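# Observations on chain architecture
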Amino acid sequence: MTYVFMGLLVLFIAVSTLWGVKYSPKKNSFMTVDDTSFLRGFWCIIVVLVHVPVEYQNRIQDMMGSFAYIGVTFFFMTSAYGLKWSMEHKPGYLDHFWARRLPHILLPAIIANVFEVAMKSLIGNDYSWYSYVDINGWVKVLLLNYFVFWLVYKIAPMFIKGKHWQDWTMCLIVLCFSLIDYFTDFKITSKWVVEPLGFAYGILAAKYADRIKAVIRERWFVKSICLMVLSAVTGVAYLKFKTVHIWGDYLLKIALGIMITAFMYELISNLKVGNKINRFIGSISYEVYIMHRGVFALMIFVFGYTLNSGLYVVASVILTLILAFILKMVCDSVIKKFQKLVAKK
């Protein structure tokens, strides 16, 4: 039954991703909100699978979860792209940077963290009072990159003239964080070594967006096939050598993330993508990222280790989507009311 349930999950992912896809040769866009939401909707489900408790893991879940790091990389990439795009197209964006960004990141993260700690406490994990405010390490890394972005683009220009240095400085800092984390015991970004590099990819994608948009439309079919083949070859190599130091667990991992992301954006550059299911999942992807660990613990508290592996995974994904939606609705409502209150004063 495990593979029956996992087959249903794979079918759901395929339908929610491919339903409504149409060939659109006149499409001329790159990293639009619709395209980004489409890919976030796909990747966030894959990210959930990588954190399934050992007792409930299975071969299909493990294979799909091996590529989850690309989804996290993609989230960092789109976050950076959105920040740089907003900075360049919205006058005064950085003047109220933290007031705009922090509530939408911290409020859901704190609530999700409290939920996760409470659920894990129910199944016997020991926690101190500090655990309830110690938000997910991945969110901390995101905030670290936000802080560096603010320093480079808002504070540093007060002392250093020119603009061209900023993008490359931002990318260099992100790369240095990754190299320090990988080669030393000084962990700046904790266990996320490759994934935060997506922040550098996003900065470069925004910087060269017009050039990329022009290039991806040329010989679309041929380049899509070539990138698909290269992604497949790199993927097989990564699965085989992912435990090999430097070559497999760092360089190949980075190459595969770039290849698959490039392939996806090349492919959808001439396709109309997205549907109601996919857009819904994409809209709550951040909440899915921060809620699913707590859901896994809740499922174990309620059912113990009695469920079939496939049923556990499918039920956990469904419950995660439901609770992520509720979390987003509650947080958006609270933030809007708070902002209105502040505006009146």
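Predicted model, so just to flag it, every value in this text is computed and none were measured.

## Considering the packing of aromatic side chains
- According to the stated counting rule, one finds 27 aromatic pairs in the structure shown.
- Ring geometry for phenylalanine 76 against tryptophan 138: centres 6.0 Å apart, planes inclined by 65 degrees, an arrangement best described as edge-to-face. Of this pair, phenylalanine 76 sits in helix 4 (residues 68-89) while tryptophan 138 sits in helix 6 (residues 137-155), placing them 62 residues apart in sequence.
- An aromatic cluster is present here, built from Tyr93, Phe97, Trp98, Tyr146, Phe147, Phe149, Trp150, Tyr153 and Phe199 joined pairwise through their rings.
- The lysine or arginine in question, arginine 40, covers the ring of phenylalanine 75, its NZ or CZ lying 4.1 Å from the ring centre.

## Quick look at unusual backbone geometry
- A positive phi angle is found at arginine 219, which is not glycine, with a value near 50 degrees.
- Within the fold, arginine 219 resides in the loop between helix 9 (209-216) and helix 10 (220-241).
- Residues other than glycine seldom take positive phi values, yet isoleucine 246 does so here, at roughly 65 degrees.
- Secondary-structure assignment places isoleucine 246 in the loop between helix 10 and helix 11 (247-268).
- Judged by relative accessible area, isoleucine 246 falls into the partly exposed class, the value being 30%.

Cut-offs and rules
Residues numbered from 1 in each chain as written. Predicted model: local features only at pLDDT ≥ 70, side-chain atom pairs only at ≥ 80, totals over all residues. Heavy atoms only, no water. Phe/Tyr/Trp six-rings, centres within 6.5 Å; stacked < 30°, edge-to-face > 60°. Helix = DSSP H or I, 4+ residues; strand = E, 2+ residues; numbered from the N terminus. Lys NZ or Arg CZ within 6 Å of the ring centre and 35° of its normal. Buried < 20%, exposed > 50% of the residue type's maximum accessible area, 1.4 Å probe, protein only.

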